[in-house]
Amino acid sequence: MASDLHIVIIPWSAFGHILPFFHFSKALAEAGVHVSFVSTPKNIQRLPAISPTLAPLINLVELPFPALDVKYGLPEGAEATVDIPAEKIQYLKIAYDLLQHPFKQFVAEKSPNWIIADFCSHWAVDIAKEYGIPLIYLSIFSGATRAFMGHPGNFVGDGQKRFWGSPESLTSPPEWITFPSYVAFRSYEAKDMYPGIFGENASGIRDAERVAKTVSGCQAIAVRSCIEFEVEYMDVYQKIMSKPVIPIGLLPPEKPEKREITDGTWNTIFEWLDNQEQESVVFVGFGSECKLTKDQVYEIAYGLELSKLPFLWALRKPNWAATDLDVLPPEFNNKTSEKGIVSIGWAPQLELLSHPSIGGSLFHSGWGSVIETLQYGHCLIVLPFIADQGLNARLLVEKGLAVEVDRKEDGSFTRHDIAKSLRLAMVSEEGSQLKTRAKDAATIFQNRKLHQDYINRFVKYLKDGVS
């Protein structure tokens, strides 16, 4: 039954943010809430279809992508981080900040009950205040990540100098996490992360300042997590914040009811999977945001070959490869044709993960992918590259759910590191214990009633203002 609530939701222009915000919008619509989901045209066009039953409750709002001076070098049609190299994301933030003007006009016209914003939308705080509309910050990161980074006061001024004064400060659990914890960045991750969070960029606003303003200016914080999985970190985050911290559940994507694949190549791949032993195949996938170098692709490939395990690798063609034939080492496909398949391009990931032959996943440990994968009780082999992935990897290892690939001090890894981790997870005695714990975790991650109950409690907060 539809309510009178109208919520405006605006994510940052990265699909690792857009998609969970979109799943959240659908979950709210299922609870009867009217949602206006705001982004730019090409991002809206790339969203999954909305079911006819939810369509009346979800308004997809396309704000024109702001035109930038050619000096910034954003390619035509680039409206999300997936469309550009990492060094140009700072220019995307300039364009994103210009969305505040049409966004303000939309809010003024529609007078929603609430605004739900991402970390990047710091200007939504001022818009919400001007029109007297309460604002919620939605964190698509794990509770462990939010707890590690701590209070928004730690991101700017004296707080930053005290707690996050250097890359080295990110390499051990902070003082407010008082229980034993693995959750921290490796030194090579910290060196990459620190300037991205605390350094200057072309937008003129550091990411740390964006986070600090959004979190300080919101009425409550919604976290894509649940206490059944990480109660200790959610408790820490609630204690250090002076406002409600509301878990909204994990927003697990719906399991495919049946395989609806019309592509001939993929039908052949699924036939191959059908002929493999149950839980014997490693699924390998690093998504679209992780742009692997040639050396990294080659070492992963050689590691798969050395492991002698059956595998299915869904690989996006990197920019450095002229054609699909240039992506993999010479003769790799010939040497591994009896053991595995590499598919370059789009992949039906949920259908693959749900196949009974898949028993493990080698992936980057992005939080959304963790949720997708643990639904099926796979053992996890984690190889983090960017953003919060390293913190998620440590969380999974801490909980006995993953093997993390060993790396050198500079962050590099070898084929032998890949092979060793794969075999440890898939065929060793330790790996069998990993699988048992993963299947236990799956009872949480796949429990749709549990996560809908979180949404229902969140909607009650929206109506009553009490968490």
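Up top is the structure.
Residues numbered from 1 in each chain as written. Predicted model: local features only at pLDDT ≥ 70, side-chain atom pairs only at ≥ 80, totals over all residues. Heavy atoms only, no water.

Student: What's the story with the overall build of the protein chain in this structure? I'm lost.
Tutor: When helices and strands are tallied, the protein chain shows 19 helices and 13 strands. Expected size for 467 residues packed as a compact globule is a radius of gyration near 23 Å; at 22 Å, the protein chain falls within 12% of this value. Taken over the C-alpha atoms alone, the protein chain extends approximately 65 × 50 × 50 Å along its principal axes. Every one of the 467 residues in the protein chain was classed for burial, and the buried ones make up 56%. Long-range contacts, defined here as pairs at least 24 residues apart, represent 70% of the contacts in the protein chain between residues at least 6 apart. Surface accessibility of the protein chain: about 19900 Å² in total, with carbon and sulfur atoms responsible for 50%. (Helix = DSSP H or I, 4+ residues; strand = E, 2+ residues; numbered from the N terminus. Rg over C-alpha atoms; globule rule 2.2 N^0.38 Å. Buried < 20%, exposed > 50% of the residue type's maximum accessible area, 1.4 Å probe, protein only. Contact = heavy atoms within 4.5 Å. Areas by Shrake-Rupley, 256 points an atom, 1.4 Å probe, with all protein chains shown as cover.)

Student: What's the story with the state of the cysteines in this structure? I'm lost.
Tutor: A covalent bond between the sulfur atoms of two cysteines is what we call a disulfide. For the structure on display, the rule yields zero disulfides. Counting only cysteine sulfurs, Cys 218 is the nearest neighbor of Cys 120, a cysteine outside any disulfide, at a range of 15 Å. (Disulfide = S-S within 2.5 Å.)

Student: Honestly, the sheet that holds strand β10 (residues 340–344) in this entry has me stumped. Any pointers?
Tutor: Paired through backbone hydrogen bonds, the strands of a sheet run either parallel or antiparallel to each other. The sheet built from six strands is open, its strands ordered β10-β9-β8-β11-β12-β13 with parallel pairing. This sheet does not close on itself; its edge strands, each paired only once, are β10 and β13 (402–404). Adjacent strand axes in the sheet meet at a mean angle of 15 degrees, parallel and antiparallel pairs treated alike. Examined bridge by bridge, strand β11 (residues 358–363) and strand β12 (residues 379–382) share four bridges and lie parallel to one another. By the bridge assignment, Leu 362 is partnered in β12 with Ile 381. Strand contacts of helix α18 (residues 429–445): β12 and β13, with the helix running at about 110 degrees to β12, the strand carrying the most contacts. (Pairing = 2+ DSSP bridges. Axes fitted to C-alpha atoms, helices over the stretch in contact; angles between N-to-C directions.)

Student: Explain the pattern of salt bridges to me, please; I cannot follow it from the model alone.
Tutor: Applying the stated criterion across every chain, the model contains 16 salt bridges. The closest approach of N and O atoms between Arg 162 and Glu 175, which form a salt bridge, is 3.5 Å. Placement of the pair is Arg 162 in helix α7 (residues 157–163) and Glu 175 in the loop between α7 and α8 (187–198), with a sequence separation of 13 residues. In this structure, Arg 162 and Glu 175 share a single accessibility class: exposed. Connected through salt bridges with shared partners, the residues Arg 186, Glu 189, Arg 394 and Glu 404 form a single ionic network. (Salt bridge = Lys/Arg side-chain N within 4 Å of Asp/Glu carboxyl O.)

Student: Hey, could you run me through the pairing of strand β9 (residues 311–315) in this one?
Tutor: The buried count for β9 comes to five of five residues, which makes it a mostly enclosed element. Across the two faces of β9 the burial is the same, with Phe 311, Trp 313 and Leu 315 and Leu 312 and Ala 314 all buried. Of the pairings in the sheet, the one linking strand β8 (residues 281–285) to β9 comprises four bridges and is parallel in character. Looking at β9, one finds that Phe 283 is bridged to Leu 312. In this view, the connection linking β8 to its parallel neighbour β9 by way of helix α12 (residues 294–307) has right-handed handedness. (Right-handed = clockwise from strand over helix to strand, strands pointing away.)

Student: Sorry, what's going on with α12 here?
Tutor: For the α-helix, the turn length of 3.6 residues means that residues three or four positions removed from each other point alike. Spanning 14 residues, α12 covers 20 Å between terminal C-alpha atoms, matching the ideal 20 Å at 1.5 Å per step. Within the sequence span of α12, burial applies to Gln 296, Val 297, Tyr 298, Glu 299, Ile 300, Ala 301, Gly 303, Leu 304 and Ser 307. (Expected span 1.5 Å × (residues − 1).)

Student: What is the right way to read the pairing of strand β5 (residues 135–139) from this model?
Tutor: Consecutive side chains along a regular strand alternate between the two faces of the sheet. Of all five residues in β5, five are buried, a share of seventy percent or more. Alternating positions in β5 separate into two faces, Leu 135, Tyr 137 and Ser 139 on one and Ile 136 and Leu 138 on the other, with burial throughout. The sheet contact formed by strand β4 (residues 114–117) and β5 spans three bridges and is parallel. Along β5, the bridge assignment pairs Ile 116 with Ile 136. Where the polypeptide runs from β4 across helix α5 (residues 123–130) and back to β5, its parallel neighbour, the crossover connection is right-handed.

Student: What am I meant to see in the nonpolar core here?
Tutor: Grouped burial of nonpolar side chains is what soluble globular proteins tend to show. Formed by 113 residues in total, the largest nonpolar core has its most connected members in Phe 24, Leu 28, Phe 103 and Phe 458. Sequence-distant contacts of Phe 103, defined by excluding residues within four places in its chain, comprise Val 8, Ile 10, Val 38, Leu 63, Ile 115, Trp 123, Ala 124 and Ile 127. (Core = buried A, V, L, I, M, F, W, Y, C linked by side-chain atoms within 4.5 Å.)

Student: Looking at this structure, how should I read the side chain of Thr 145?
Tutor: Within the secondary structure, Thr 145 sits in helix α6 (residues 143–149). In this structure Thr 145 comes out as buried when scored by relative accessible area, which is 5%. A polar side-chain atom of Thr 145 sits 3.0 Å from a polar atom in the side chain of Ser 142. Setting aside residues no more than four positions away along its own chain, Thr 145 makes contact with Asp 388, Leu 391 and Asn 392. (Polar contact = N/O pair within 3.5 Å; in protein donor to acceptor, adjacent residues only side chain to side chain.)

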